[in-house]
Amino acid sequence: MQENARSGHIRERAICLSRRGLLKGGASLVGVSAASLFMPFSTAFAAPLEQIEIWGPPAGPSITVLHAIATGRLDKAATKASLRVWRQVDEVRAGLTSKRLDVAIMPVPVAANLYNRGLGVRLVNVMTNGILYIMSADPEMTSLAALKGRRLAVMAPNELPNLILQRLFKHAGIDGAKDVELVATGSPLESIQLLVLGRVDAALAPEPAASAAVVRGKLAGKTIHRVMDIQAEWARLTGTEPILPQAGLAVTDTFRTANPNVVDALQAGLVRAVADVNAHPARAASNAAGPLQLPWPVIEQSIPYSHLVATAARDARTHVETVLEAMAVVNPGYIGGRLPDGDFYL
């Protein structure tokens, strides 16, 4: 486990860092910005929550949250912040529907589905513009057509990554059920393990699992290539930019209503944190390695390929709707049968 002087101690796949209070060194207007003097009292002086737990996947967006916690960029949201790593999307669905959690990073279409079902979930932001790649030891496998007749490992066949792949197959005139042998796996790491062992010809993998495939391949004396950038394939399908808003931060209405300033503070902190993650990947990797249970060199290598952002949901709406419309072609029920209205986007 990689330790970092600023990252605090790590317990049970979560990181909890207690930081300074809202005002340091006594109550004084010296530390208050001029702009805040003209803000409503509740906004300028709202105290952070005592603690907040954010659920996140073992993937790129959680790196941003962990770095934000370690560097104090969520201090205005909570005195103690932690990340709880989920391994299956169903954990988040169950937690939200049972009201056991209020703040989580999740696939954007999953958040849309919960909103459309009236479960009171809103999208705060988009945290990645795409983290999916096709990995293979065959450097010539650079097109979807090249997957015909091959074995392709895909994790969670009924979830977003595979549904995106099925939409791309449809656009390319490929029958995903007949032309490609799909090998279902329980996790991205299981997919890349099959690839490294040579039991499949290629694997659909998100970051940082894609970078882990490269590293594990080297250890096994095998060169694993990023043969396809799914974001680039998406751009060919949509005729737009290679932006695939795959996951974002969502909150419940209950939490948002009770803590509007905290939601704003979370977003502001993540905006600052993601800029630092992209500028200093080694530092961010050090802060994220323990909770994500991955070596920091793997995380560091993954960051340039993770397209990490913290785009406000309302600003990402056009790209989000492009994804949701594509999902509706493959599986309308996955997004709740329709596009969410504007209230979904904070």
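Residues numbered from 1 in each chain as written. Predicted model: local features only at pLDDT ≥ 70, side-chain atom pairs only at ≥ 80, totals over all residues. Heavy atoms only, no water.

Caption draft 1: Examining the overall build of the protein chain more closely. Counting its secondary structure elements, the protein chain contains 13 helices and 14 strands. For the protein chain, buried positions account for 52% of its 346 residues. Partitioning the contacts of the protein chain with sequence separation of at least 6, the portion at a separation of at least 24 is 79%. Accessible surface computed for the protein chain: about 15,000 Å², of which carbon and sulfur atoms make up 52%. (Helix = DSSP H or I, 4+ residues; strand = E, 2+ residues; numbered from the N terminus. Buried < 20%, exposed > 50% of the residue type's maximum accessible area, 1.4 Å probe, protein only. Contact = heavy atoms within 4.5 Å. Areas by Shrake-Rupley, 256 points an atom, 1.4 Å probe, with all protein chains shown as cover.)

Caption draft 2: Spotlight on the sheet that holds strand 9 (residues 151-155). Across the sheet, five strands lie side by side as 10-9-11-8-12; this open sheet has mixed pairing. Across the chains shown, the open sheet's two edge strands, defined by having one partner strand only, are strand 10 (181-185) and strand 12 (225-229). Mean inter-strand twist for the sheet, computed between neighbouring axes without regard to direction, equals 30°. Lying on the sheet, helix 6 (residues 188-196) is in contact with strand 8 (132-136), strand 9, strand 10 and strand 11 (202-206); it crosses strand 11 at an angle near 150°. (Pairing = 2+ DSSP bridges. Axes fitted to C-alpha atoms, helices over the stretch in contact; angles between N-to-C directions.)

Caption draft 3: How the structure looks around the confidence of the model for the protein chain. Overall, the predicted model of the protein chain reaches an average pLDDT of 87, with 87% of residues at or above 70. A low-confidence stretch, residues 1-45 (pLDDT under 50), is modelled with 66 contacts involving residues beyond four sequence positions or located in other chains. (pLDDT = per-residue confidence, 0-100.)

Caption draft 4: Geometry of the pattern of salt bridges. Throughout the structure, instances matching the rule amount to 11 salt bridges. Note that Arg93 and Asp90 form a salt bridge whose closest N and O atoms lie 2.6 Å from each other. Remark: Asp90 and Arg93 occur in helix 3 (residues 89-97); sequence separation between them is three residues, near one turn of the helix. We note a salt bridge from Arg93 to Glu159, for which the minimum N-O separation is 2.9 Å. Here the residue Arg93 occupies a position in helix 3, and Glu159 occupies one in the loop between strand 9 and helix 5 (160-172), the gap between them amounting to 66 residues. (Salt bridge = Lys/Arg side-chain N within 4 Å of Asp/Glu carboxyl O.)

Caption draft 5: Molecular detail of unusual backbone geometry. Residue Glu207 is joined to Pro208 through a cis peptide bond whose omega torsion reads 5°. Take Pro208: it is sitting in the loop between strand 11 and helix 7 (209-219). A positive phi angle, near 65°, is found at Lys99, a position not held by glycine. Structurally, the position occupied by Lys99 is in the loop between helix 3 and strand 5 (103-107).

Caption draft 6: Structural context of the packing of aromatic side chains. Tallied over the full model, the rule gives three aromatic pairs. Consider the rings of Tyr115 and Phe344, whose centres lie 5.3 Å apart with planes at 50°: the pair is tilted. Of this pair, Tyr115 sits in helix 4 (residues 108-116) while Phe344 sits in the segment after helix 13 (313-330); the two residues are 229 residues apart in sequence, bridging distant segments of the chain. With a relative accessible area of 12%, Tyr115 lands in the buried category. (Phe/Tyr/Trp six-rings, centres within 6.5 Å; stacked < 30°, edge-to-face > 60°.)

Caption draft 7: Examining the nonpolar core more closely. Counting 54 residues, the largest nonpolar core has Met106, Leu147, Leu152 and Ile164 as the members making the most contacts within it. With seven residues, the single largest contributor to this core is helix 13. When residues no more than four places from it in sequence are discounted, the contact partners of Leu152 are Ile134, Leu147, Leu165, Phe169, Val180, Glu181, Leu182, Val183, Ala202, Ala203 and Leu204. Val65, Ile69, Val277 and Ile299 belong to the second-largest nonpolar core, a separate cluster that totals 39 residues. (Core = buried A, V, L, I, M, F, W, Y, C linked by side-chain atoms within 4.5 Å.)

Caption draft 8: Local environment of the side chain of Gln267. With respect to the secondary-structure elements, Gln267 resides in helix 10 (residues 260-279). In contact with Gln267, other than residues within four places in its own chain, are Val124, Asn125, Ala310, Thr311 and Ala312.

Caption draft 9: View of the pairing of strand 14 (residues 308-312). Judged by how many residues are buried, strand 14 sits mostly within the fold: four of five residues are covered. Sheet analysis places strand 7 (residues 125-128) next to strand 14, joined by three bridges and oriented antiparallel. Bridging from a neighbouring strand, Val126 pairs with Thr311 of strand 14.

Caption draft 10: Spotlight on the packing of helix 5 against helix 13. The interhelical angle for the contact between helix 5 and helix 13, taken along N-to-C directions, is 80°, at an axis separation of 9 Å. Relative to helix 13, the element helix 5 is oriented roughly perpendicular. Facing Leu160, Leu163, Ile164, Gln166, Arg167 and Lys170 of helix 5, the residues of helix 13 in contact are Ala326, Met327, Val329 and Val330. Split by residue class, the contact of helix 5 with helix 13 holds seven nonpolar, one polar and two charged. (Parallel < 35°, antiparallel > 145°, perpendicular 65-115°, else oblique. Nonpolar A, V, L, I, M, F, W, Y, C, P; charged D, E, K, R; others polar.)

Caption draft 11: Broad picture of helix 10. Across its 20 residues, helix 10 extends 30 Å between first and last C-alpha, which sits within 8% of the 28 Å expected from 1.5 Å per residue. Those residues of helix 10 that sit buried are Val262, Val263, Ala265, Leu266, Gln267, Gly269, Leu270, Ala273, Val274, Asp276 and Val277. (Expected span 1.5 Å × (residues − 1).)

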